[in-house]
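# Notes for the structure review
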Amino acid sequence: MTEVTIYTDGACKGNPGPGGWGVLLRAGDAERELFGGEASTTNNRMELRAVIEALAALKRPCRVRLYVDSEYVRKGITEWLPGWKARGWKTAARQPVKNADLWRQLDELVNGRGHSIEWHWVRGHAGDPGNERADALANRGVPR
């Protein structure tokens, strides 16, 4: 399997407000940058969208090291998702899962595409070069 390192980030100018997502993909010596945004969204939606777009860009199963600065995304996919699914997309408090549309997309990409994914959390705005580039891309994606 091809080894890929991915950094993702989301940005929002107001929450809700205009937002963007950014992705830095690395495989060997090759790099690819992706970014986009929405006119009215939230930071959490942009964090999720960044990971979704990153994994959707992979055309075959890969061994992925995925770096996020969002505990919401990391904990959601590694801890909370099985319970949400078992409860019919409800939280432990029996409330509807926020952003369930995006969580379902992410679930399919993570569990239905044959990738082997290692999830890593990095502190945002702390000088990690990959995270800083993903942050700059996310800000570039914010509609003006």
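Structural data are supplied above this passage.
To keep things clear, this report deals only with the structure shown in the data block.

### Quick word on the environment of Thr 42
Within the secondary structure, Thr 42 is located in the loop between strand 3 (30–41) and helix 1 (43–56). What makes Thr 42 partly exposed here is its relative accessible area of 25%. Placed 19 residues apart in sequence, Thr 42 and Pro 61 show a C-alpha to C-alpha distance of 30 Å. If sequence neighbours within four positions are ignored, Thr 42 has contacts with Cys 12, Asn 15 and Pro 16. A polar contact of 3.2 Å, which involves the side chain of Thr 42, links it to the backbone nitrogen of Arg 45.

### Remarks on the pairing of strand 3
With 10 bridges connecting them, strand 2 (residues 17–27) and strand 3 associate as antiparallel partners. Looking across to strand 3, one finds that Gly 17 is bridged to Thr 41. As consecutive antiparallel partners, strand 2 and strand 3 are separated by 2 residues, and within that stretch Gly 28 has a phi angle of approximately 60°, a positive value.

### A word on the packing of aromatic side chains
Under the defined criterion, the tally for this structure stands at 4 aromatic pairs. Ring centres of Tyr 7 and Tyr 67 lie 4.7 Å apart, and the angle between their planes is 15°; this geometry places the pair in the stacked category. Pair noted here: Tyr 7 is in strand 1 (residues 2–12) and Tyr 67 is in strand 4 (residues 62–68), with a separation of 60 residues, a long-range link. Across the pair, exposure class does not vary: Tyr 7 and Tyr 67 are buried alike. Aromatic side chains Tyr 72 and Trp 103 sit 5.4 Å apart centroid to centroid with 70° between the ring planes, which places their arrangement in the edge-to-face category. Placement of the pair is Tyr 72 in helix 2 (residues 71–86) and Trp 103 in helix 3 (residues 100–111), with a sequence separation of 31 residues. Exposure remark for Tyr 72: the relative accessible area of 17% places this residue in the buried category. Grouped by ring-pair contacts, the aromatic residues Tyr 72, Trp 80, Trp 84 and Trp 103 constitute a single cluster.

Rules used in this analysis
- Residues numbered from 1 in each chain as written.
- Predicted model: local features only at pLDDT ≥ 70, side-chain atom pairs only at ≥ 80, totals over all residues.
- Heavy atoms only, no water.
- Helix = DSSP H or I, 4+ residues; strand = E, 2+ residues; numbered from the N terminus.
- Buried < 20%, exposed > 50% of the residue type's maximum accessible area, 1.4 Å probe, protein only.
- Contact = heavy atoms within 4.5 Å.
- Polar contact = N/O pair within 3.5 Å; in protein donor to acceptor, adjacent residues only side chain to side chain.
- Pairing = 2+ DSSP bridges.
- Phe/Tyr/Trp six-rings, centres within 6.5 Å; stacked < 30°, edge-to-face > 60°.

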